[in-house]
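# Examining the three-dimensional arrangement
Each chain, letter by letter, is given below.
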Amino acid sequence: MSADPILRKGELLDSGEYLTICYELHHVLLPELADMRLVEFDRFEDEVRRGRRFDEVRRFLEQIADDHDK
């Protein structure tokens, strides 16, 4: 999966907001998740893959997605 932020249908960001999200995702969130082995983040290829411990938090991630869609 690409490490670019994904916008929801109808969601718009100005260039500053987009850069802020990209910075936080690439330099804070993804490295933290990689340290916990929940994801593998290849900064050079700009890709994210499931880490060895991904399944341990799968239910939590699904709950977040379900809650956000309500």
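Up top is the structure.
Residues numbered from 1 in each chain as written. Predicted model: local features only at pLDDT ≥ 70, side-chain atom pairs only at ≥ 80, totals over all residues. Heavy atoms only, no water.

From N to C terminus, the protein includes 2 helices and 2 strands. Secondary structure elements of the protein, listed N to C terminal, follow the sequence α-β-β-α. Seen along its three principal axes, the alpha-carbon backbone of the protein occupies a region of about 35 × 35 × 15 Å. In the protein, 20% of the contacts between residues at least 6 apart in sequence involve partners at least 24 apart. Per element, the accessible surface of the protein, about 6000 Å² overall, is 54% carbon and sulfur. Within the protein, the 18 negative side-chain charges are centred at a point lying 7 Å from the centre of the 11 positive side-chain charges. (Helix = DSSP H or I, 4+ residues; strand = E, 2+ residues; numbered from the N terminus. Contact = heavy atoms within 4.5 Å. Areas by Shrake-Rupley, 256 points an atom, 1.4 Å probe, with all protein chains shown as cover. Lys, Arg positive; Asp, Glu negative; His and termini not counted. Charge placed at Lys NZ, Arg CZ, Asp CG, Glu CD.)

Before going further, it helps to examine helix H1 (residues 15-35). An ideal rise of 1.5 Å per residue puts 30 Å on 21 residues; H1 measures up with 29 Å between its terminal C-alpha atoms. Approximately 40° is the largest bend angle found in H1, and it occurs at Leu 25. Along H1, the residues classified as buried are Cys 22, Leu 25, His 26, Leu 30 and Pro 31. Tucked inside the fold, the buried residues of H1 contact strand S1 (39-42) and strand S2 (47-50). Put simply, Asp 14 is the residue that caps the front of H1, since its side-chain oxygen is 3.0 Å from the backbone nitrogen of Gly 16. In the segment just after H1, Arg 37 is the residue with positive phi, at about 65°. (Expected span 1.5 Å × (residues − 1). Bend = angle between axes of the 7 residues up to and from the residue. Buried < 20%, exposed > 50% of the residue type's maximum accessible area, 1.4 Å probe, protein only. Polar contact = N/O pair within 3.5 Å; in protein donor to acceptor, adjacent residues only side chain to side chain.)

To continue, consider the nonpolar core. Within the largest apolar cluster, 6 residues are counted, these being Ala 3, Leu 25, Leu 30, Val 39, Phe 41 and Val 48. Of all the secondary structure elements, the ones that give two or more residues to this core are H1 and S1. When sequence neighbours within four positions are dropped, the list of residues in contact with Val 48 reads Met 1, Ala 3, Leu 30, Val 39, Glu 40 and Phe 41. (Core = buried A, V, L, I, M, F, W, Y, C linked by side-chain atoms within 4.5 Å.)

Below, the discussion takes up a nonpolar patch on the surface. Together, Tyr 23, Val 28 and Leu 29 make up an exposed nonpolar region whose accessible area comes to about 270 Å². Tracing the chain through its elements places Val 28 in helix H1. The exposure class of Val 28 is partly exposed, given its relative accessible area of 33%. (Patch = residues over 30% accessible without salt bridge, like charges linked within 9 Å, V, L, I, M, F, W, Y side chains within 5 Å. Salt bridge = Lys/Arg side-chain N within 4 Å of Asp/Glu carboxyl O.)

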